[in-house]
Amino acid sequence: MKQNRFVRNILLGIENLLLHKLRSFLTMLGVVFGVGSVVAMLSVGEGASKEALEQIRKLGSNNIIISSIKSIDEEAASTAHSHMSIYGLTYEDHDRIAGTINTIKQTAPVKLIRKEARLMSRAMELRVVGTTPQWFELVKRPVLAGRILLDSDIRDKSAVTVLTEFGARKLLATENTIGQPLRIGGDYFEVVGIIKSESGQAGNIQIPDQQVDAYIPIDIARKYFGDIVTRRTSGGRERELVELHQIIIDVDNTDNVESTAVALEQLLNRFHKKKDYQISVPLALLKQAEATKRTFNIVLGSIAGISLLVGGIGIMNIMLASVTERTREIGIRRAIGAKRKQIIVQFLIETVVLSTLGGIVGLGVGVLIPMAITYFTEMPTVLTLLGVLLPLLISISIGIIFGLYPAINAARVDPIVALRHE
Amino acid sequence: MDNESLPARQNDIVRLENAYKIYPMGAEQVNALAGVTISFKQGSFWAIMGPSGSGKSTMMNIIGCLDHLSKGHYILQGHDVSNLDDNALSDIRLKYLGFIFQSFNLIPQLTVQKNIELPLYYLGWDAIESAKRAKELAAMVGLQGRLGHRPTELSGGQMQRVAIARALANDPQILLADEPTGNLDTATGEQILELLAELNRQGKTIIMVTHESYIAAYADKRLHMKDGVIDSIEGNGDEAK
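Chemist: Even after reading the chapter, I still don't get the confidence of the model for chain B, so can you show me in this structure?
Modeler: Atomic detail in the predicted coordinates should be set aside for any region of low pLDDT. All names here are of chain B. On average, residues of chain B carry a pLDDT of 90, and 93% of them reach 70 or more. Predicted confidence for residues 1-6 stays below pLDDT 50, and this span has nine contacts to residues more than four positions away or in other chains. Across the assembled chains, the prediction reports ipTM 0.91 with pTM 0.70.

Pasting the structure below:
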């Protein structure tokens, strides 16, 4: 009975709205565009931030990355003739870090060297990454063929290499990849595996995994290529001695990441007089990116919210006019015995039906716009459940909020006066 | 609504006791009703007459529970309703009263059937029962086959019949008619009055406002109002006082 009455109320509301089709439609448009823009903006915002967040997440939220950087003094000194810059992380640093901080689960040292690689007539410059098998556990990459570096490679000092997909394709072309002898610099390495390439820029952290990397055991890298890099510059030669370019650290628990970063800073500070390293915490970046995303969403949401507000005001305006126009009807209903509450409900249902309908149509528009954006610009957009439900809920509430005042106005009508109203 | 200790006679359906309705008009006060005491018996047919400003409309609004008295008491079926709130008065209108207006006051966008069903809607009847009742009432006032029409497609006499059917939908004790023939030609008006007289014979108490004496002649009793007080009462019986 109660349910039945509610349904009849809604039907009555729809009936009344259908009496003025064009007016109802125009009134609804405000909400349609309001909801449409909220949904569209939220999904564009979500899409934009998702990519950045994905990149950072790939670095591992439990990871800390320490990179060697040239300090400013060193930068200045290196312009002098035949000066050798000595800076950055050392093998000792790596051992100390691995040995002293007990929240660290595992570490991977990284040594980066640029070398030309040759395979028969094909040649290209590779970035050689000297590291340990732990690297592959910390920076997870799908193995496409063969295997990754193993502890036995380190132990046996095997001259083996794992290539990234992109580099492998360029060098090996169509030939059978695994087992090929690849010449890097002046030495031969056996290709034992291929892993997936990732373009590696996330925030300001360089992932030691670009498109053309060759991974070799770190001891081999040290033995074959040494720690000194000589580069020809316009001023002559520039020599650098860097033992390790990066140390990637895996912390046992996400909660310990920040405290571990602080401990690392203190530890390194004791042995490095100059600040020639940089500690990057993907988790901190992630948090920062998420905060940025929130701000972004709030800004976009408010802009869209204003259009919803305008839509709501439009509804209120029309409903106020409608109440004046239907004063006599209200008077008749009241004289017959309708309570004030029932008049309020009647008018409120009309506005809620209007705004909800507008919300549903707007949702359709709001879903289509991001799809079109993705289709034409290849910009990613993401529809979240919240991004869909929230605007719909808001549109219903707008019907209630902006309908309440006209409805109360309607209920306040004095039936005696209303019945004389022409 | 508990029974007040006021002296109301058994078969008085409507009783006003020393009723005042005072309107502030700038610095002055206008007494639309200035101490009226009168009883209407159950099943009677009254005409309230008087020039404009005599207080007859005010009296109708009070009896119709659309307005409050400033002073005095209104006893409806033995219950003092003078100080009830808006909700309670709405409830009384819904359950005990039926209104017929000069200008019909049908809701133009609703069909004849929906107009007749209006009180039932607020009484909470379900759709099927309401439709059945609307059909019966339409037949009773001679509007068979017009249920799907809109008021604008009807003649004045037909519209007033719809209004009467609507007033009867809740099976009220009292029908209040405010110049029910005022917008109708004489012949049609007489048909409507005949219908009211028939309803009175069936037991409805009818209180009708008019300023035409030939219309008032349909009633058993005629109450003449002047300047907010009772001028005279004509007809058989001794209900006054």
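Chemist: Is there a simple way to think about the packing of helix 2 (residues 21-58) of chain A against helix 13 (residues 385-412) of chain A in this case?
Modeler: For any two helices packed against each other, the geometry is given by the interaxial angle and the distance between the axes. Residues and elements named next belong to chain A. Look at helix 2 against helix 13: their axes get within 9 Å of each other, and the N-to-C directions meet at 155 degrees. The orientation of helix 2 with respect to helix 13, classified from their angle, is roughly antiparallel. In this structure, helix 2 crosses over helix 13, and the sense of that crossing is right-handed. Listed contacts from helix 13 to Val31, Val35, Val38, Val39, Leu42, Ser43 and Glu46 of helix 2 are Gly387, Val388, Pro391, Ser395 and Ile398. Counted by class, the contact of helix 2 with helix 13 contains eight nonpolar, three polar and one charged residues.

Chemist: Help me out: how do you make sense of the environment of B:Val162 in this one?
Modeler: All names here are of chain B. The topology assignment puts Val162 in helix 5 (residues 156-168). The sequence separation of Val162 and Ala134 amounts to 28 residues, and the corresponding C-alpha distance is 9.8 Å. When near neighbours in sequence (up to four residues on either side) are disregarded, Val162 contacts Leu106, Val112, Asn115, Ile116, Leu143, Pro151 and Leu154.

Chemist: I'm lost on the interface of chain B and chain A in this one. Help?
Modeler: The interface is formed by 20 residues belonging to chain B together with 17 residues belonging to chain A. A total of six residues in the side of chain B that touches chain A trace back to one element, the largest contributor, which is helix 2 (residues 86-96) of chain B. For the side of chain B that touches chain A, the residue count by class is nine nonpolar, six polar and five charged.

Chemist: I'm lost on the nonpolar core in this one. Help?
Modeler: In terms of nonpolar packing, the biggest core is built from 113 residues, with B:Trp46, B:Ile48 and B:Ala165 touching the most fellow members. Here this core gets eleven residues from one element, more than from any other, and that element is helix 2 of chain A. The contacts of B:Ala165, once residues within four sequence positions are left out, are B:Ile116, B:Leu137, B:Ala138, B:Met140, B:Val141 and B:Leu143. Counting 50 residues, the second largest nonpolar core, distinct from the first, contains A:Ile97, A:Leu126, A:Val162 and A:Phe225.

Chemist: Is there a simple way to explain the sheet that holds strand 9 (residues 221-226) of chain B in this structure?
Modeler: Strands in a sheet are paired, the pairing made by backbone hydrogen bonds, and the direction either parallel or antiparallel. All names here are of chain B. The sheet built from six strands is open, its strands ordered 6-7-8-3-9-10 with mixed pairing. Whereas interior strands pair on both sides, the edge strands pair on one side only; in this sheet they are strand 6 (97-100) and strand 10 (229-235). Strand after strand, the sheet turns through a mean of 20 degrees between neighbouring axes, direction not considered. The pairing of strand 6 with strand 7 (residues 174-178) spans four bridges and is classified as parallel. By the bridge assignment for strand 7, Leu97 is matched with Ile174. Strands in contact with helix 5 are strand 6 and strand 7; relative to strand 6, the strand with the most contacts, it is inclined by about 170 degrees.

Rules of the game
All residue numbers here refer to positions counted from 1 along the written sequence of the relevant chain. Labels follow written order: the first chain is A, the first ligand is 1, and so on. Predicted model: local features are reported for residues with pLDDT of at least 70 only, side-chain atom pairs are reported and counted for 80 or more only, and whole-chain, interface and lining totals are derived from all residues. Each residue carries a pLDDT value, the predictor's own confidence for that position, ranging from 0 to 100. Contacts here follow a simple rule: the backbone-placed C-beta atoms of the two residues must lie within 7 Å. In this analysis an axis means a line fitted to C-alpha atoms, helices contributing only their contacting stretch, and an angle means the value between N-to-C directions, from 0 to 180 degrees. Secondary structure elements follow DSSP: runs of H or I no shorter than four residues count as helices, runs of E no shorter than two count as strands, and numbering proceeds from the N terminus. Note on angle classes: values under 35 degrees are labelled roughly parallel, values over 145 roughly antiparallel, values of 65 to 115 roughly perpendicular, and the remainder oblique. For any pair of crossing helices, the crossing counts as left-handed if the nearer helix is rotated counterclockwise from the farther one by less than a right angle, and right-handed if it is rotated clockwise. Side-chain classes follow a simple rule in which Ala, Val, Leu, Ile, Met, Phe, Trp, Tyr, Cys and Pro form the nonpolar group, Asp, Glu, Lys and Arg form the charged group, and the remainder, Gly included, forms the polar group. In plain words, the nonpolar core is the set of buried Ala, Val, Leu, Ile, Met, Phe, Trp, Tyr and Cys residues that C-beta atoms within 7 Å link up. Three exposure classes are used, based on other C-beta atoms lying within 10 Å of a residue's own C-beta, which is placed from the backbone: buried for 20 or more, exposed for 12 or fewer, and partly exposed in between. Pairing between strands is defined by DSSP: at least two bridges between them are needed.

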